[in-house]
Amino acid sequence: MGFIISIIFFSLILSLFLYKVKTGEFAKWAKIFRIFTLVFSISLFTYWFIKKSSIGIVRNSVSLQVINKLPQPLDFYVINVNNLDKSGTFETKHIGNVRPEYYRIEHLKMTKSDQYWIVGYLGKKNMVYFSQHAVPNKNMDQIVEVQNYIIQSEKLAEQAKKHVETYNFENMQTGIWVTLCFLLIFLNVSLMLRKKGL
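Quick notes on the rules
- Residues numbered from 1 in each chain as written.
- Predicted model: local features only at pLDDT ≥ 70, side-chain atom pairs only at ≥ 80, totals over all residues.
- Heavy atoms only, no water.
- Helix = DSSP H or I, 4+ residues; strand = E, 2+ residues; numbered from the N terminus.
- Rg over C-alpha atoms; globule rule 2.2 N^0.38 Å.
- Buried < 20%, exposed > 50% of the residue type's maximum accessible area, 1.4 Å probe, protein only.
- Contact = heavy atoms within 4.5 Å.
- Areas by Shrake-Rupley, 256 points an atom, 1.4 Å probe, with all protein chains shown as cover.
- Lys, Arg positive; Asp, Glu negative; His and termini not counted.
- Charge placed at Lys NZ, Arg CZ, Asp CG, Glu CD.
- Polar contact = N/O pair within 3.5 Å; in protein donor to acceptor, adjacent residues only side chain to side chain.
- Patch = residues over 30% accessible without salt bridge, like charges linked within 9 Å, V, L, I, M, F, W, Y side chains within 5 Å.
- Salt bridge = Lys/Arg side-chain N within 4 Å of Asp/Glu carboxyl O.
- Phe/Tyr/Trp six-rings, centres within 6.5 Å; stacked < 30°, edge-to-face > 60°.
- 1 Å grid on protein atoms, 1.4 Å probe; cavity = no way out; pocket = protein on both sides within 12 Å on 5 of 7 lines; lining within 4 Å.
- Points joined across faces, edges and corners; volume = space filled by probe spheres on them.
- Pairing = 2+ DSSP bridges.
- Axes fitted to C-alpha atoms, helices over the stretch in contact; angles between N-to-C directions.

1. Notes on the overall build of the chain
Line of reasoning, step 1. A count of helical and extended segments in the chain gives 3 helices and 7 strands.
Line of reasoning, step 2. Here the chain has a C-alpha radius of gyration of 23 Å; the compact-globule value for 198 residues is 16 Å, and the former is much larger.
Line of reasoning, step 3. For the chain, the C-alpha atoms occupy an extent of roughly 70 × 35 × 25 Å along the three principal directions.
Line of reasoning, step 4. Burial analysis of the chain (198 residues in total) assigns 37% to the buried set.
Line of reasoning, step 5. Excluding contacts between residues fewer than 6 apart, the proportion of contacts in the chain whose partners are at least 24 apart in sequence is 68%.
Line of reasoning, step 6. With the model as given, the accessible surface of the chain reaches about 12700 Å², and the carbon-plus-sulfur share is 60%.
Line of reasoning, step 7. Considering the chain, the positive charge centre built from 24 side chains and the negative charge centre built from 13 side chains are found 16 Å apart.

2. Some remarks on the environment of Q152
Line of reasoning, step 1. Among the structural elements, Q152 can be located in the loop between β7 (142-146) and α3 (154-195).
Line of reasoning, step 2. Under the relative-accessibility criterion, Q152 is labelled partly exposed at 48%.
Line of reasoning, step 3. Engagement of the side chain of Q152 in a polar contact is seen with the backbone nitrogen of Q132, the distance being 3.0 Å.

3. What to know about a nonpolar patch on the surface
Line of reasoning, step 1. Among the surface-exposed residues, F169, M172, I176, L180, L183, F186 and L187 lie close enough to one another that they form a single nonpolar patch of about 670 Å² accessible area.
Line of reasoning, step 2. Within the element layout of this structure, M172 appears in helix α3.
Line of reasoning, step 3. According to the relative accessible area criterion, M172 is partly exposed, its value standing at 47%.

4. Describing the packing of aromatic side chains
Line of reasoning, step 1. Applying the stated criterion across every chain yields a total of 13 aromatic pairs.
Line of reasoning, step 2. Their ring planes at 65° and their centres at 6.4 Å tell us that F10 and W177 sit as a pair that is edge-to-face. With F10 in helix α1 (residues 2-18) and W177 in helix α3, this residue pair connects regions lying 167 residues apart in the sequence.
Line of reasoning, step 3. For F10, a relative accessible area of 52% puts it in the exposed group.
Line of reasoning, step 4. Ring geometry for F90 and W117: centres 5.5 Å apart, planes at 45°, overall tilted. Here F90 is found in strand β3 (residues 90-98), whereas its partner W117 is found in strand β5 (residues 115-121), with 27 residues between them in sequence.
Line of reasoning, step 5. Residue classification places F90 among the partly exposed residues on the basis of a relative accessible area of 27%.

5. Focus on the layout of surface pockets
Line of reasoning, step 1. Approximately 320 Å³ is the volume attributed to the second largest pocket.
Line of reasoning, step 2. Together, D75, Y77, Y121, G123, K124, K125, K161, V164, E165, N168, F169 and M172 line the second largest pocket.
Line of reasoning, step 3. Breaking the lining of the second largest pocket down by element, the ones donating at least two residues are β2 (74-81) and α3.
Line of reasoning, step 4. Looking at the lining of the second largest pocket, the element that brings in the most residues is α3, giving 6 residues.

6. As for the pairing of β7
Line of reasoning, step 1. Here β7 shows a clear split, with Q142, V144 and V146 buried on one side and none of I143 and E145 buried on the other.
Line of reasoning, step 2. Bridging between strand β1 (residues 61-68) and β7 involves 5 bridges; their strand directions are parallel. By the bridge assignment for β7, N68 is matched with V146.

7. Here's the deal with unusual backbone geometry
Line of reasoning, step 1. The phi dihedral of E101 falls on the positive side, at around 65°, and the residue is not glycine.
Line of reasoning, step 2. Looking at the element boundaries, E101 is found in the loop between β3 and β4 (103-109).
Line of reasoning, step 3. By relative accessible area, E101 is classed as exposed at 54%.

8. Focus on the sheet that holds β1
Line of reasoning, step 1. With mixed pairing, 3 strands are arranged side by side in an open sheet as β4-β1-β7. If you trace the sheet from one side to the other, it starts and ends with β4 and β7, each paired once. If you compare each strand with its neighbour and ignore which way they point, the axes differ by 20° on average.

What follows is the structure, encoded as structure tokens:
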């Protein structure tokens, strides 16, 4: 998604410059390019936001319910360990900030994995919970009750911390790119309406 957003960003910048092309044979193609860029950008971001806001239910997924039994709210992440193929990748998801005696549900695609990690933060950088969970039966939903401040494995916890930091950094970068794209979309739409005398 980051590559597509960067292409949209530079296309929108080019559209701003093409606003100055008002005469000649190239003016028609410039206008078509600007309209296409705007329609494509708005459509893509609309689809992206709808997809982000919808419930992440995946076919053949395992439902994970994380219940916070601790007296303080914790910010939870789940890391899906894809260790059943040669990729050896990690998929990090932010479950959210869970208050005491509340829960959150996440859906994990376990086709390439047989385990996941749960990470809990008190504040932004203070990891107070880490647990590793095996999934022997992928037809059974998972329920995890967080009852203690515990780090099951210091080595894996350090690895999980790096994955969470990378995940948050990438989300921050994406947020900046999307904000800049929205600003450029607004400027392009304003110029196009102004050109039409609206």
